[in-house]
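# Structural characterization, general
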Amino acid sequence: MDEMKKLVAKEALKFVEDGMVVGLGTGSTTAHFIRLLGKLVMEEELEIYGIPTSYQAKFLAIESGIPVVSLDEVDAIDIAVDGADEVDPNLNLIKGRGAALTMEKIIDYRAGTFIVLVDESKLVDYLGQKMPVPIEVIPSAWRVIAEEIEVFNATAELRMGIKKDGPIVTDNGNFILDAKFERIEDPLDMEIELNNIPGVVENGIFADIADVVLVGTKEGVKKMER
Ligand SMILES: O=C(CO)[C@H](O)[C@H](O)COP(=O)(O)O
C-alpha cells in the first residue's frame, strides 16, 4: 500500500514546474509528495513555494526545505496536490479523515489544477460507500448540528481524540462530526445542503473540483481526468 502511495506521489512531481506556488495537502500519501518535492527543490534549485493545508503539511514542508507561504502572500495557486478518502467515477471526493478539510478545500478549490493522489482502495461506485463525511463544526453547536444532519438519513458521531481525552480539536479550533450516509446520490447538492446548516464551518464532500486523480494500482499509476 505504501509503495502505491509513493508511486503516485512521484508521478505528481511531473506536474510541478519552476516558479510554481504549490498547495500541499494533508495525509500519508501527500506526505510522500512533500518529501519528494523538497528533494527536487534542493537538487534542481527550483523556486517553488508551498501553501500548506494543515500543521502536518507545514511542519513537513519546512523539514523538507520547501519555502512556505500563506494565502495572504500569493496572488494565485498554480497546483494543489492532496489525498482523498473516497473517489467516485465522476471524480467527486470525500476528504477529511485527517480533520484538515476546511483549509484543504480553500486551497484545493483555488488551485489552477487540483491533483488527487490515492491508492486503488479509495475508488468507490458512489460517495458514502465506505467512509463517513467529516464535518467541521463550531464546538458549542455540535449537538444541534448532529440532529440537523440526521434529517438527511445519516448518523453523526462526534470524533473523539486518540492521544487526547474528549473530542479532537481541528487546526482551526473546532470539532469534527463524522456523518455516515447510506448513499450520497447527488454530491454537489449534499455538499451545499450540509454547508447551509448554521454552525457548520465546512464539510468533506469535494464535488466537481478535482481535475486529475492519480491512482496507485498493482499494475502502476492510472490517471483519471475530468
Ligand atoms: O483528507 C485528508 C486529510 O484531512 C487526507 O488527504 C485523506 O484522509 C487521505 O489521507 P491518506 O493519504 O493518509 O490516506
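Residues numbered from 1 in each chain as written. Predicted model: local features only at pLDDT ≥ 70, side-chain atom pairs only at ≥ 80, totals over all residues. Heavy atoms only, no water.

For clarity, the threshold we go by: UniProt positions are given in the numbering used here, feature names are shortened, and annotations may be inferred rather than shown by experiment.
Per an unreviewed UniProt entry, the protein carries the name Ribose-5-phosphate isomerase A and comes from Palaeococcus pacificus DY20341. The Sequence similarities (unreviewed entry) comment attached to the protein in UniProt states, word for word, "Belongs to the ribose 5-phosphate isomerase family."

### Observations regarding the overall build of the protein
Rules: A helix here means a DSSP run of H or I that spans at least four residues, while a strand means a run of E at least two residues long, and both kinds are numbered starting from the N terminus. Radius of gyration here uses only the C-alpha atoms, and the compact-globule reference equals 2.2 Å multiplied by the residue count raised to the power 0.38. Buried, partly exposed and exposed residues are distinguished by accessible area as a fraction of the type maximum, computed with a 1.4 Å probe on protein chains only: under 20%, between the cut-offs, and over 50%, respectively. Contacts are assigned to residue pairs that have any heavy atoms within 4.5 Å of one another. The Shrake-Rupley method, run with a 1.4 Å probe sphere, supplies the accessible areas, and residue values consider only the shown protein chains as cover. Asp and Glu count as negative and Lys and Arg as positive, but His and the ends of the chain are not part of the count. In this description, the location of a charge corresponds to atom NZ of lysine, CZ of arginine, CG of aspartate or CD of glutamate.
Helix and strand counts for the protein come out as 6 helices and 13 strands. On C-alpha atoms alone, the protein measures out to a radius of gyration of 17 Å, which is about the 17 Å that the 2.2 N^0.38 rule sets for 226 residues. The C-alpha extent of the protein, read off along each of the three principal axes, is 55 × 35 × 35 Å. The buried share of the protein, taken over its 226 residues, is 54%. Looking at the protein alone, contacts between residues at least 24 apart form 73% of all its contacts between residues at least 6 apart. Approximately 11000 Å² of the protein is accessible, and the part contributed by carbon and sulfur atoms is 50%. Within the protein, the 42 negative side-chain charges are centred at a point lying 6 Å from the centre of the 23 positive side-chain charges.

### Digging into the sheet that holds strand S8 (residues 154-158)
Applied cut-off: Pairing between two strands is assigned when DSSP locates at least 2 bridges connecting them. Note on definitions: angles span 0 to 180 degrees between N-to-C directions of axes, and those axes are lines fitted to C-alpha atoms, for helices only across the stretch in contact.
In spatial order, the strands read S8-S9-S7-S10; together these 4 strands make up an open sheet with antiparallel pairing. Looking along the sheet, the strands with just one partner apiece sit at the ends: S8 and strand S10 (200-203). Taking each pair of neighbouring strands and ignoring which way they run, the sheet shows an average axis angle of 30°. By the bridge criterion, 5 bridges tie strand S7 (residues 133-137) to strand S9 (residues 175-181) in an arrangement that is antiparallel. Bridging across to S9, Pro134 finds its partner in Asp178. Here helix H5 (residues 142-150) sits on the sheet and contacts S7, S8, S9 and S10; the angle it forms with S8, its principal contact strand, is near 160°. Where helix H6 (residues 187-195) meets the sheet, its contacts fall on S7, S9 and S10, and the angle it forms with S10 comes to roughly 165°.

### Focus on the layout of surface pockets
How we decide: Method remark: on a 1 Å grid restricted to protein atoms, a set of points is classed as a cavity if a 1.4 Å probe fits but cannot get out and as a pocket if it is open with protein on both sides within 12 Å along at least five of seven lines; lining residues have an atom within 4 Å of a point. Grid points are joined across faces, edges and corners, and a volume is the space filled by probe spheres set on the points. Under the scheme applied, nonpolar residues are Ala, Val, Leu, Ile, Met, Phe, Trp, Tyr, Cys and Pro; charged residues are Asp, Glu, Lys and Arg; polar residues are all the others, including Gly. Residue ranges for the domains originate in an automatic or database domain assignment.
Roughly 320 Å³ of volume is contained in the largest pocket. For the largest pocket, the lining is made up of 20 residues, of which Pro52, Thr53, Ser54, Lys58 and Met103 are closest to its centre. Listing elements by their share of the lining of the largest pocket, those giving two or more residues are strand S2 (49-52), helix H3 (55-63) and helix H4 (101-110). Of the residues belonging to the lining of the largest pocket, the class tally is 10 nonpolar, 6 polar and 4 charged. A domain-level breakdown of the lining of the largest pocket finds at least three residues from each of domain 1 (2-124 + 207-220) and domain 2 (133-201). Each pocket or cavity is described by its volume, and for the second largest pocket that value is around 220 Å³. Looking at the second largest pocket, it is lined by 17 residues, and the ones nearest its centre are Gly27, Ala84, Asp85, Arg97 and Lys122. Counted by class, the lining of the second largest pocket contains 2 nonpolar, 8 polar and 7 charged residues.

### Some details on the sheet that holds strand S11 (residues 205-206)
The antiparallel open sheet is built from 3 strands, whose spatial order is S4-S5-S11. Every interior strand has two partners, whereas the edge strands, strand S4 (86-87) and S11, have only one. In the sheet, strand S5 (residues 93-94) pairs with S11 via 2 bridges, with the strands oriented antiparallel. Across the sheet, residue Ile94 finds its bridge partner in S11, namely Ile205.

### A look at the site of the ligand
Put simply, the test is: Near, as used in this document, describes a residue that has one of its heavy atoms within 4 Å of the molecule or strand being considered. Between N or O atoms, a polar contact is any pair within 3.5 Å; within protein, one atom must be a potential hydrogen donor and the other a potential acceptor, and residues adjacent in sequence are included only when both atoms are from side chains.
For the ligand, the set of nearby residues contains 16 residues, the closest of which are Thr26, Ser28, Thr29, Asp85 and Lys122. At 2.7 Å from an oxygen atom of the ligand is found a side-chain nitrogen or oxygen belonging to Lys122. Calculation on the ligand without its partners gives an accessible area of 380 Å², and the protein chains cover 96% of this total. Of all the elements in the fold, those that place two or more residues in the shell around the ligand are helix H2 (28-44) and strand S3 (77-83). Partitioning the shell around the ligand into residue classes produces 3 nonpolar, 7 polar and 6 charged.

### Regarding the side chain of Thr53
By the secondary structure assignment, Thr53 is in the loop between S2 and H3. Of the residues examined, Thr53 reaches a relative accessible area of 2% and is grouped as buried. Here the side chain of Thr53 touches Leu24 through a polar contact of 2.8 Å, landing on its backbone oxygen. Only 2.7 Å separates the side chain of Thr53 from the side chain of Thr26, close enough to count as a polar contact. Apart from the residues lying within four places of it in its own chain, the contact partners of Thr53 are Leu24, Gly25, Thr26, Ala100, Met103, Glu104 and Ile107.

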